[in-house]
Amino acid sequence: SALSAVHGGAQAILGGECGLALALAVSLKLAPYGTLGGASAGMLSVDGRCKTLDARANGYGRSEGVGVLVLQYGGTGVVVCGSAGRQDGRSASLTAPNGSAQRVLLLVALGRSRASHDEVGCIEAHGTGTALGDPTEAGALAAVHAGRISSLAVGAAKANVGHSEAGSGQ
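Definitions and cut-offs
Residues numbered from 1 in each chain as written. Predicted model: local features only at pLDDT ≥ 70, side-chain atom pairs only at ≥ 80, totals over all residues. Heavy atoms only, no water. Buried < 20%, exposed > 50% of the residue type's maximum accessible area, 1.4 Å probe, protein only. Helix = DSSP H or I, 4+ residues; strand = E, 2+ residues; numbered from the N terminus. Pairing = 2+ DSSP bridges. Contact = heavy atoms within 4.5 Å. Polar contact = N/O pair within 3.5 Å; in protein donor to acceptor, adjacent residues only side chain to side chain. Expected span 1.5 Å × (residues − 1). Arc of directions from axis to C-beta.

(A) Fine view of the pairing of strand β1 (residues 20-27). Going residue by residue along β1, you find Ala21, Ala23, Ala25 and Ser27 tucked away on one face and Leu20, Leu22, Leu24 and Val26 left uncovered on the opposite face. Bridge count for β1 against strand β2 (residues 65-72) is eight bridges, and the pairing is antiparallel. In the sheet register, Ser27 faces β2, and the bridge partner there is Gly65.

As structure tokens, then:
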């Protein structure tokens, strides 16, 4: 997925394996099976809009997308100071998030960045747009950035362009 490519590229640069890395992902909906499966499982928003971190959240909308991120040490633009990847741990089901695993992941990424909580200005959230996923993610962010959550810019591209699955790291 895209996030795994960003994580791998960032680790390779920080580890001295290379000076430049490309992270890219493509998501095309060439067959209806994913949409039909998501609809039958009740995961898709009835109006096709993902309302991330919104009380009206009722699922996500699918999208197609292509994204490329150029990673380089000391470059300008998007700065990835630390990253982490892990399986979400035990949960009630495939679609139920694990809040404690999310907290651990956030702390690992923050630790690898060697940044303090005060230096984090924005967070790109997973932002499921669901009544279960968004509060779990928001709770993990609030626990890790205790007292600062109101001063962080938290967004999710999914709310603006839809869920591009592999292109968004899923």
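On we go.
(B) Quick peek at the environment of Glu64. Considering the arrangement of structural elements, one finds Glu64 in the loop between α2 (33-40) and β2. Look at Glu64 and you get partly exposed, because its relative accessible area is 48%. Spatially, the C-alpha atom of Glu64 lies 29 Å from that of Ala101, the residues being 37 residues apart in sequence. The residues touching Glu64, leaving out its near neighbours within four places in the chain, are Ser27, Leu28, Lys29 and Ser164. Of the polar contacts made by the side chain of Glu64, one reaches the backbone nitrogen of Lys29; its length is 2.8 Å.

(C) View of helix α4 (residues 133-144). With 12 residues, α4 should reach 16 Å at 1.5 Å per residue; the first-to-last C-alpha distance of 17 Å fits that figure. Every buried residue belonging to α4 is among Gly133, Asp134, Thr136, Glu137, Ala140, Leu141 and Val144, and all of these are buried. Down the axis of α4, the smallest arc covering the buried residues is 165°, so these residues share one side. Contacts from the buried residues of α4 go to α3 (99-113), β3 (122-124) and β4 (153-155).

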